Amino acid sequence: LRYVFCCGAPLPVRVVNEFFKHLQCDLYYLYGIPGTPPEITMKKCGPEEVWDILPIGFPYQLPVYILDKHLHPVPRGAIGEIYISADGAADFSTKDPQESALRFLVNPFTGLEGGRIFKTGNSGYYTNDKQIILIPAPGRAELDGFPVDINEIELALLNHPLIDECTVMIKETG
């Protein structure tokens, strides 16, 4: 075994450190979101990661931007929304044309006619060495590697006539 690639759910630092206690090979962490290539960013992990939150690494297949609400790049350490270049990537799709209009914006950085960026809905920031730290969005979580909108589940439950209040929580049961 020479390489292990992990993608999908966030990779806990404790898992990375435990991995290197048992295996002597390269470990890569790949980040992507549903509807995009699975390897938007990539990080080669080391045997003694000391991060509180493991970075998702560096842009890999497509340019990645962290922008403020005016679509300007944020400085290192400042939190912004993560956007992915959608130029030449036809697989980014939503079934709802209105949602597509809200998530696919004109790419202000390429100058290409029809160039687009994809608004991921995730926030993050650059570390000093320009790796990206992902900050989970409130109301969003992953369950067995699948994205779950907790707010959407709560709204569906509240539509039931016998439910007045509810709180949805995801609990890891290891």
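Every residue gets a number counted from 1 within its own chain, in the order that chain's sequence is written. In keeping with the model being predicted, local features are shown solely for residues with a pLDDT of at least 70 and side-chain atom pairs are shown and tallied solely at 80 or more, while totals for entire chains, interfaces and linings include all residues. Values reported for side chains reflect all heavy atoms of the structure, with hydrogen atoms and water molecules removed beforehand.

### Quick notes on the overall build of the chain
Thought 1: Here a strand is any run of E in DSSP of at least two residues, a helix any run of H or I of at least four, and the numbering for each starts at the N terminus. Along the chain, the regular secondary structure elements total three helices and eleven strands.
Thought 2: Split into buried and exposed, the 174 residues of the chain put 37% on the buried side.
Thought 3: It only takes one pair of heavy atoms within 4.5 Å for two residues to be counted as in contact. For the chain, long-range pairs separated by at least 24 residues make up 46% of all intrachain contacts whose partners lie at least 6 apart in sequence. Partly exposed describes any residue whose relative accessible area lies between the buried limit of under 20% and the exposed limit of over 50%, with all areas from a 1.4 Å probe on protein chains only and scaled to the type maximum.

### Let's talk about the side chain of Glu154
Thought 1: Among the structural elements, Glu154 can be located in helix 3 (residues 150-158).
Thought 2: For Glu154, a relative accessible area of 19% corresponds to the buried category.

### Comments concerning the confidence of the model for the chain
Thought 1: Summary statistics for the chain give a mean pLDDT of 83 and a share of 82% for residues scoring 70 or more.
Thought 2: The quantity known as pLDDT measures the predictor's confidence residue by residue, on a range of 0 to 100. When pLDDT is averaged over each helix and strand of the chain, the minimum, 68, is found for strand 10 (residues 140-143) and the maximum, 95, for strand 5 (residues 64-67).

### Side note on unusual backbone geometry
Thought 1: If you check the backbone angles, Leu71 has positive phi at about 65° while not being a glycine.
Thought 2: Relative to the assigned elements, Leu71 resides in the loop between strand 5 and strand 6 (80-85).
Thought 3: Its relative accessible area of 23% is what places Leu71 among the partly exposed residues.
Thought 4: A positive phi angle, near 70°, is found at Lys130, a position not held by glycine.
Thought 5: Position of Lys130 among the secondary structure elements: in the loop between strand 8 (116-126) and strand 9 (132-135).

### Description of the sheet that holds strand 2 (residues 26-31)
Thought 1: Any two strands are treated as partners once DSSP identifies two or more bridges connecting them. If you trace the four strands from one edge of the open sheet to the other, you get 1-2-3-4, paired in mixed fashion. For this open sheet the edge positions go to strand 1 (3-7) and strand 4 (58-59), each flanked by a neighbour on one side alone.
Thought 2: Bridging between strand 3 (residues 41-45) and strand 4 involves two bridges; their strand directions are antiparallel. Bridge pairing links Thr41 to Pro59 in strand 4.
Thought 3: Here helix 1 (residues 13-22) sits on the sheet and contacts strand 1, strand 2 and strand 3; the angle it forms with strand 2, its principal contact strand, is near 155°. Between the N-to-C directions of two axes lies an angle of 0 to 180 degrees, each axis being a line fitted to C-alpha atoms and, for a helix, fitted only over the stretch in contact.

### What to know about the pattern of salt bridges
Thought 1: The working definition used for a salt bridge is a side-chain nitrogen of Lys or Arg within 4 Å of a carboxyl oxygen of Asp or Glu. In total, this model carries three salt bridges according to the counting rule given.
Thought 2: For Lys21, the salt bridge identified is with Glu18, shortest N-O distance 3.6 Å. One end of the pair, Lys21, and the other, Glu18, are both in helix 1, three residues apart, so they sit about a helical turn from each other.
Thought 3: For Lys21, a relative accessible area of 61% translates into the label exposed.
Thought 4: For Lys44, the salt bridge is made with Asp26, and the minimal N-O distance between the two is 3.6 Å. Taken together, the positions of Lys44 in strand 3 and Asp26 in strand 2 put the pair 18 residues apart, joining distant regions of the chain.
Thought 5: On the basis of relative accessibility, which here comes to 48%, the residue Lys44 falls in the partly exposed class.
Thought 6: Given the relative accessible area of 26%, Asp26 is considered partly exposed.

### Quick notes on the packing of aromatic side chains
Working definition: an aromatic ring pair is given by the centre-to-centre distance plus the angle between the planes.
Thought 1: Pairing of aromatic rings covers Phe, Tyr and the six-membered ring of Trp, with a centre-to-centre limit of 6.5 Å; geometry is then stacked below 30 degrees between planes, edge-to-face above 60, and tilted otherwise. If you walk through the whole model with that rule in mind, you get six aromatic pairs.
Thought 2: Seen from their ring centres, Phe104 and Phe118 are 5.0 Å apart, and the 55° between their planes marks the pair as tilted. Of this pair, Phe104 sits in strand 7 (residues 104-106) while Phe118 is found in strand 8, placing the two residues 14 residues apart along the sequence.
Thought 3: With a relative accessible area of 4%, Phe118 lands in the buried category.
Thought 4: Ring pairs connect the aromatic residues Tyr3, Phe5 and Tyr28, which therefore count as one cluster.
Thought 5: Our definition puts a charge over a ring when NZ of Lys or CZ of Arg is within 6 Å of the ring centre and also within 35 degrees of the ring normal. Taking NZ or CZ as reference, Lys130 lies 5.1 Å from the ring centre of Tyr126, over its face.

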